[in-house]
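Here is how the chains run, residue by residue.
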Amino acid sequence: AHWDRALPAVRPWALLPLVVGWYLLSVGSLWLNAALDRDEGEVLFGEAVPVPPAATPAGYGALALAVVFGALADPAVGVLALACAVLAVLYSHPATAWKGHPLGGPLVNGLGYGLLSPLAGWWLVGVEPNLRTGAAFALVLAWVMSWYFAAQAFQQREDRARGYRTLVATHGPRAALLATAVCMGLATAGVALL
């Protein structure tokens, strides 16, 4: 919203808790996801280690703190953080495990990262939405979905072993990479067009 409207910093004091809140949302989501999957693979710049028992309570704690920081930025942003936290739980809680559903996984990532997260930042600026706003949100959504599909392209064996019905588990890496290319192509073409 700042860039689109060529605005100087609006409510800069609210940006810090928003950034901290969304950092905590990401951390909490990743910890819950690791606990669900019992990840054993290598991590970036690190060796494979077992998931610590504290991952689940730490994940829930991070999500709760994210809502607090979101509310410090703005009450409406707190509600958006709460919605993202609920989506993270639905994605990674063993009773729901939307991560492994063919529609649940894309829904959580698209709605949480692709729409609600940008909306939280947009909300702080307080400008009226217009057609360009809608187009920008659609492009962010396409970009986020491209990364969602790219991230699962290498985990066909793991997803099948866990009983997940992700795109890569049901249709293979080629389908996941095709979905990545389509979404990234739409996002890139849309940015060029705008």
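Residues numbered from 1 in each chain as written. Predicted model: local features only at pLDDT ≥ 70, side-chain atom pairs only at ≥ 80, totals over all residues. Heavy atoms only, no water.

So, on to the packing of helix α2 (residues 12–37) against helix α3 (residues 55–73). Where α2 meets α3, the axes come as close as 7 Å, and the angle between the chain directions of the two elements is 160 degrees. In terms of axis orientation, α2 runs roughly antiparallel to α3. Crossing angle aside, the handedness with which α2 passes α3 is left-handed. Of the residues assigned to the contact of α2 with α3, the class counts are 20 nonpolar, 6 polar and no charged. (Axes fitted to C-alpha atoms, helices over the stretch in contact; angles between N-to-C directions. Helix = DSSP H or I, 4+ residues; strand = E, 2+ residues; numbered from the N terminus. Parallel < 35°, antiparallel > 145°, perpendicular 65-115°, else oblique. Left-handed = near helix turned anticlockwise from the far one by under 90°. Nonpolar A, V, L, I, M, F, W, Y, C, P; charged D, E, K, R; others polar.)

A word on the packing of aromatic side chains. Inspection of every chain in the model, using the stated rule, returns 3 aromatic pairs. With centroids separated by 6.1 Å and ring planes inclined at 80 degrees, the aromatic side chains of Trp 122 and Phe 137 adopt a geometry described as edge-to-face. Of this pair, Trp 122 sits in helix α5 (residues 104–125) while Phe 137 is found in helix α6 (residues 131–152), placing the two residues 15 residues apart along the sequence. A residue is classified by how much of its surface remains accessible, and Phe 137, at 16% relative accessible area, is buried. (Phe/Tyr/Trp six-rings, centres within 6.5 Å; stacked < 30°, edge-to-face > 60°. Buried < 20%, exposed > 50% of the residue type's maximum accessible area, 1.4 Å probe, protein only.)

The full count for this structure, using the stated rule, is 4 salt bridges. Put simply, Arg 11 and Asp 74 hold a salt bridge, and the shortest N to O gap is 2.9 Å. Placement of Arg 11 in the loop between α1 (2–5) and α2 and of Asp 74 in the loop between α3 and α4 (75–92) is noted, with a sequence separation of 63 residues between them. Arg 11 gets classed as partly exposed once you look at its relative accessible area, which sits at 24%. Members of the salt-bridge network, linked through shared partners, are Asp 37, Lys 99, Asp 159 and Arg 162. (Salt bridge = Lys/Arg side-chain N within 4 Å of Asp/Glu carboxyl O.)

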